[in-house]
Amino acid sequence: MKGTSYESEANRGLDRRRFLGTALGACCICAPLEFVSMRLGGNMGGSLTKEQRDSMTPLQVIDELKKGNERFRTGKMAARDYLAEKKSSAAGQYPAAVILGCLDSRVPVEIVFDAGIGDTFTGRVAGNVIDDDMLGSIEFGCAVSGAKLVLVLGHTACGAVKGAIDDVVLGNLTGLLARIKPAIRGTKFDGEKSTKNASYVDAVARTNVLLGLAEIRRRSPILEELETKGSIKIAGGMYDLATGVVELVGS
Ligand SMILES: [Zn+2]
């Protein structure tokens, strides 16, 4: 759903293009990039096109995610036609971001960013931990498919982080929680360091996100180079279960 302000801005752009077309004798009235609709939500005609995605900078993708999160937490989610998105993306996908989130049922990534079908690659695993398969998936998303942003998304009151702090031992979960343990060692915290202290749990979760960013850069020369070239940005976020706010961290 296009907002009034966007439409008036687009109209002003059209007027300017008409003026320039007349003044310069140009026949092309292609829309300047700043006026191209590239919202991750509310594209009633369908999902992101290649042109829309490729016209975005990594910072613009972050900005779109911020706007989507604001729409979500203020109850103003964009009108959306999932069938149109399904139809338009069937022949090809051009997601703008790869988001690695936690398994937690309360952090459904597409919903909290008000994004639609084909807008984001989303990987979810308890504690949003990095492993070789996830790294390979992120490399596919950016180096092959062309996504502009990698976002590692932790959240408050994370059960996986609590499990790591409490040294939970349970089947294959033990190995997963071991990947979070460096964040416990890496968190400087004044106060009670236990899962009874919500602030401590959230501090460890934040460190876990920061270590995840460092791990992506260290273990993936492909992604590290894309970021150095400015083709992508690798960023972190913390989602607050109570407020719905995503706060950017580590960028
Ligand atoms: Zn979690």
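My aim in this report is to walk through the structure given alongside it, one point at a time. Since we're looking at a predicted model, the values are computed, not measured.

Scanning the chain from terminus to terminus reveals eleven helices and five strands. Split into buried and exposed, the 251 residues of the chain put 46% on the buried side.

This brings us to the pairing of strand β3 (residues 149-155). A large share of β3 lies buried, amounting to seven of its seven residues. Where burial is concerned, the two faces of β3 agree: the one with Leu149, Leu151, Leu153 and His155 and the one with Val150, Val152 and Gly154 are both buried. Sheet analysis places strand β1 (residues 97-101) next to β3, joined by four bridges and oriented parallel. Each residue of the ladder has a partner; that of isoleucine 99, found in β3, is leucine 151. Across seven bridges, β3 lies against strand β4 (residues 233-239) in parallel orientation. Of the residues in β4, the one forming a bridge with valine 152 is glycine 236.

Protein coordination at the zinc ion: the donors are Cys102 (SG), His155 (NE2) and Cys158 (SG), at 2.0 to 2.3 Å from the metal. Along the chain, the residues that donate to the zinc ion are spaced as C-x52-H-x2-C. Of the two residues, cysteine 102 is situated in the loop between β1 and α5 (109-112) and histidine 155 in strand β3; the sequence distance between them amounts to 53 residues.

It is worth spelling out the sheet that holds strand β5 (residues 246-249) at this point. Ordered in space as β2-β1-β3-β4-β5, the five strands form an open sheet in which the pairing is mixed. The strands lining the two open edges of the sheet, one partner per strand, are β2 (120-124) and β5. On average, adjacent strands in this sheet sit at an angle of 25 degrees to one another, irrespective of strand direction. Here five bridges tie β1 to β2, and the two strands are oriented parallel to one another. From the neighbouring strand, valine 98 faces β2, where its bridge partner is phenylalanine 121. Taken strand by strand, helix α10 (residues 198-219) contacts β3, β4 and β5, and its axis lies near 165 degrees from that of β4.

We now examine the pattern of salt bridges. For side chains of opposite charge, pairing can occur when their charged atoms come near one another. Counting across every chain of the model gives 13 salt bridges. Lysine 181 is the salt-bridge partner of aspartate 167, the closest N and O atoms lying 2.8 Å from each other. Residue aspartate 167 is located in the loop between α7 (159-165) and α8 (173-178), and its partner lysine 181 is located in helix α9 (residues 181-185); the two are separated by 14 residues in the primary sequence. The structure contains a network of salt bridges with shared partners spanning Arg71, Arg80, Glu85 and Asp114.

What follows covers the nonpolar core. Counting 38 residues, the largest nonpolar core has Ile138, Cys142, Val161, Ile180, Ile216 and Leu223 as its most contacted members. Mapped onto this core, the elements with two or more residues apiece are β1, α6 (132-144), β3, α7, α8, α10, α11 (221-228) and β4. Those residues in contact with cysteine 142, other than ones at most four positions away along the chain, are Val98, Ala147, Val150, Leu223, Leu226 and Ile232. Judged by nonpolar contacts, the second largest core, of 18 residues, contains Leu48, Ala97, Ile99 and Phe113.

Moving on: the packing of aromatic side chains. Counted by the stated rule, this structure contains two aromatic pairs. Ring centres of phenylalanine 121 and phenylalanine 140 lie 5.9 Å apart, and the angle between their planes is 70 degrees; this geometry places the pair in the edge-to-face category. Of the two residues, phenylalanine 121 is situated in strand β2 and phenylalanine 140 in helix α6; the sequence distance between them amounts to 19 residues. A residue is classified by how much of its surface remains accessible, and phenylalanine 121, at 16% relative accessible area, is buried.

Thresholds applied
- Residues numbered from 1 in each chain as written.
- Predicted model: local features only at pLDDT ≥ 70, side-chain atom pairs only at ≥ 80, totals over all residues.
- Heavy atoms only, no water.
- Helix = DSSP H or I, 4+ residues; strand = E, 2+ residues; numbered from the N terminus.
- Buried < 20%, exposed > 50% of the residue type's maximum accessible area, 1.4 Å probe, protein only.
- Pairing = 2+ DSSP bridges.
- Donors = N, O, S within 2.8 Å, 3.2 Å for Na, K, Ca; no water.
- Axes fitted to C-alpha atoms, helices over the stretch in contact; angles between N-to-C directions.
- Contact = heavy atoms within 4.5 Å.
- Salt bridge = Lys/Arg side-chain N within 4 Å of Asp/Glu carboxyl O.
- Core = buried A, V, L, I, M, F, W, Y, C linked by side-chain atoms within 4.5 Å.
- Phe/Tyr/Trp six-rings, centres within 6.5 Å; stacked < 30°, edge-to-face > 60°.

Keep in mind these numbers describe shape, not what the thing actually does.
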